[in-house]
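# Report on the structure
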Amino acid sequence: MSHLSIDLHSHSIASDGTLTPTELVQRAHAQGVDVLALTDHDGTGGLEEAGRVAKELGLQLVPGVEISISWNGVTFHIVGLNIDPKHAGLQAGLSGLRAFRIERAEEIARRLAKHGIEGALEGAKAFASGQILGRTHFARFLVEQGHAKDMRKVFKKFLVHNRPGYVPGKWATLEEALSWIHDSGGQAVIAHPARYRLSATRLRQFMQEFKDAGGEALEVVSGSHSAGEAQGMAQYAKRFDLLASCGSDYHGPEQPWIELGKLPALPEGCTPVWQNWDLQGQTA
Ligand code: AMP
Ligand code: MN
Ligand code: MN
Ligand code: MN
């Protein structure tokens, strides 16, 4: 048996990715991925199509979602893995988040208009073909209009705290996100834990609360983590008795430094979140 290629965090046009679910799964397959989770932001609209294509190609598709939460004024992302997208409570929760996204988008557009940038709502919508409207769609519009050179610069200039197009998040609570994930049969993972802008003390406090509230795993290996960060997060997984996940957080070929399935192995001593999953060809 060979080693499985596992990628448990990715996006399609159902949220702020640029590939259709079909294209995403085809690309994962071409990259040799055996197990892929589609984890669109605050919606599951891409899962049916992705599941169909995965079945045709013999790739195992893990139904997932990436839920936005607010915790003490900070936005965190919680990935749910092996959720049941048909679960009514989960869907009611996610549709509330999407409703907030619409209000927020209107407010972002008002603030940008005050800053002299007109038509941002329509502009962002033109880049959004799925269920959600996000900052990424505004970013693509602003780059297209020449207000910044690339995605990284446009976020920094307009869309983060203390910038003209920033609107604070009013997302789910940690408890809500965990209950939606667990009630629908899934496991909860703190996404890209090294990417949050807060002190180590506060990050540890969040991990402890997540664990105490029943959260299962930490995304130790992420497309946005350095090797050193993965090692640090492996230590945290051990310290808080959390399982370890790995995911590229792939959004599309426009970010060529991130590829589906091209992830380092979990550091020594981690217990994989998939340890009790029914995977074909799994090695110990
Ligand atoms: P939202 O959930 O609408 O607030 O948008 C968050 C998304 O914006 C993330 O999932 C990323 O896809 C994207 N994003 C956040 N910060 C950056 C950044 N600095 N550069 C590029 N994309 C970013
Ligand atoms: Mn995103
Ligand atoms: Mn995220
Ligand atoms: Mn993501």
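I will try to describe carefully the structure that is included in this document. (Residues numbered from 1 in each chain as written. Chains lettered and ligands numbered in written order. Predicted model: local features only at pLDDT ≥ 70, side-chain atom pairs only at ≥ 80, totals over all residues. Heavy atoms only, no water.)

## A short note on the packing of helix H3 (residues 88-114) against helix H5 (residues 135-144)
What counts is decided by this rule: Lines fitted to the C-alpha atoms define the axes, with helices restricted to the stretch that makes contact. Angles between their N-to-C directions range from 0 to 180 degrees. A run of DSSP states H or I qualifies as a helix once it reaches four residues; a run of E qualifies as a strand once it reaches two. Both are numbered from the N-terminal end. Throughout this description, any angle smaller than 35 degrees is read as roughly parallel, any larger than 145 degrees as roughly antiparallel, any in the 65 to 115 degree range as roughly perpendicular, and the remainder as oblique. Less than a right angle of anticlockwise turn of the near helix away from the far helix marks a crossing as left-handed, whereas a clockwise turn marks it as right-handed. Two residues qualify as a contact provided that any one of their heavy atoms is within 4.5 Å of a heavy atom in the partner residue. In this classification, Asp, Glu, Lys and Arg are treated as charged, Ala, Val, Leu, Ile, Met, Phe, Trp, Tyr, Cys and Pro as nonpolar, and every other residue, Gly included, as polar.
Between H3 and H5, the shortest axis-to-axis distance is 11 Å and the interhelical angle comes to 30°. Judged on the interaxial angle alone, H5 and H3 are roughly parallel. H3 and H5 meet at a crossing whose hand is right-handed. Counted together, Arg104, Ala105, Ile108, Ala109 and Leu112 of H3 and Arg135, Phe138 and Leu142 of H5 form the full contact between these two elements. Grouping the constituent residues of the contact of H3 with H5 by class yields six nonpolar, no polar and two charged.

## A closer look at the side chain of Thr44
We count it as follows: The buried label applies to any residue whose accessible area, calculated with a 1.4 Å probe on protein chains only, is under 20% of its type's maximum; exposed applies above 50%, and partly exposed to all values in between.
When you line up the elements, Thr44 lands in the loop between strand E2 (35-38) and helix H2 (47-57). Of the residues examined, Thr44 reaches a relative accessible area of 11% and is grouped as buried. Those residues in contact with Thr44 that lie beyond four places of it in its chain are Gly64, Val65, Ile83, Pro85, Gln91, Leu94 and Gln131.

## Some remarks on the packing of aromatic side chains
How we decide: Any two of the Phe, Tyr and Trp rings considered here, Trp counted by its six-membered ring, make a pair once their centres fall within 6.5 Å; the pair's planes then place it as stacked at under 30 degrees, edge-to-face at over 60, or tilted in between.
Inspection of the entire model under this criterion finds seven aromatic pairs. Ring centres of Phe76 and Tyr196 lie 4.4 Å apart, and the angle between their planes is 45°; this geometry places the pair in the tilted category. With Phe76 in strand E4 (residues 74-81) and Tyr196 in the loop between strand E5 (187-190) and helix H8 (200-212), this residue pair connects regions lying 120 residues apart in the sequence. Aromatic pair Phe76 and Phe206: ring centres 3.7 Å apart, planes at 10°, arrangement stacked. On the criterion of sequence distance, the pair formed by Phe76 in strand E4 and Phe206 in helix H8 is long-range, its members being 130 residues apart. Judged by relative accessible area, Phe76 falls into the buried class, the value being 0%. On the accessibility criterion, Phe206 (0% relative accessible area) is buried. Feature note: the residues Trp71, Phe76, Tyr196, Phe206 and Phe210 constitute an aromatic cluster, connected by ring pairs.

## Re the coordination of the manganese ion (ligand 3)
Formally: Atoms are scored as donors when they are N, O or S and lie within 2.8 Å of the metal, with 3.2 Å used for Na, K and Ca; no water is included, so coordination may look incomplete.
Only Glu66 (OE), His77 (ND1) and His192 (NE2) from the protein reach the manganese ion (ligand 3) as donors, at distances of 2.1 to 2.2 Å. Separating the manganese ion (ligand 3) from the manganese ion (ligand 2) is a gap of 5.6 Å. Of the two residues, Glu66 is situated in strand E3 (residues 60-71) and His192 in the loop between E5 and H8; the sequence distance between them amounts to 126 residues. The two residues Glu66 and His192 agree in class, both being buried.

## As for the sheet that holds E3
Rule in force here: When DSSP finds two or more bridges between a pair of strands, those strands are recorded as paired.
The strand order E1-E2-E3-E4-E5-E6-E7 describes an open sheet built from seven strands, whose pairing is mixed. A single partner strand is all that each edge strand has here, and the edge strands are strand E1 (6-7) and strand E7 (243-247). Bridge count for E2 against E3 is four bridges, and the pairing is parallel. Across the sheet, the residue bridging to Val35 is Gln60, located in E3. Running at roughly 155° to E3, H2 makes contact with E2 and E3 of the sheet.

## Side note on the coordination of the manganese ion (ligand 4)
Six octahedrally arranged donors around a metal ideally form angles of 90 or 180 degrees; four tetrahedrally arranged donors ideally form angles of 109.5 degrees. Around the manganese ion (ligand 4), the protein supplies His9 (NE2), His11 (NE2), Glu66 (OE) and Asp249 (OD) as donor atoms, at distances of 2.1 to 2.2 Å. Coordination of the manganese ion (ligand 4) draws on donor residues from a single chain, spaced H-x1-H-x54-E-x182-D in sequence. The distance between the manganese ion (ligand 4) and the manganese ion (ligand 2) comes to 4.7 Å. Placement of the pair is His9 in the loop between E1 and helix H1 (21-30) and Asp249 in the segment after E7, with a sequence separation of 240 residues.

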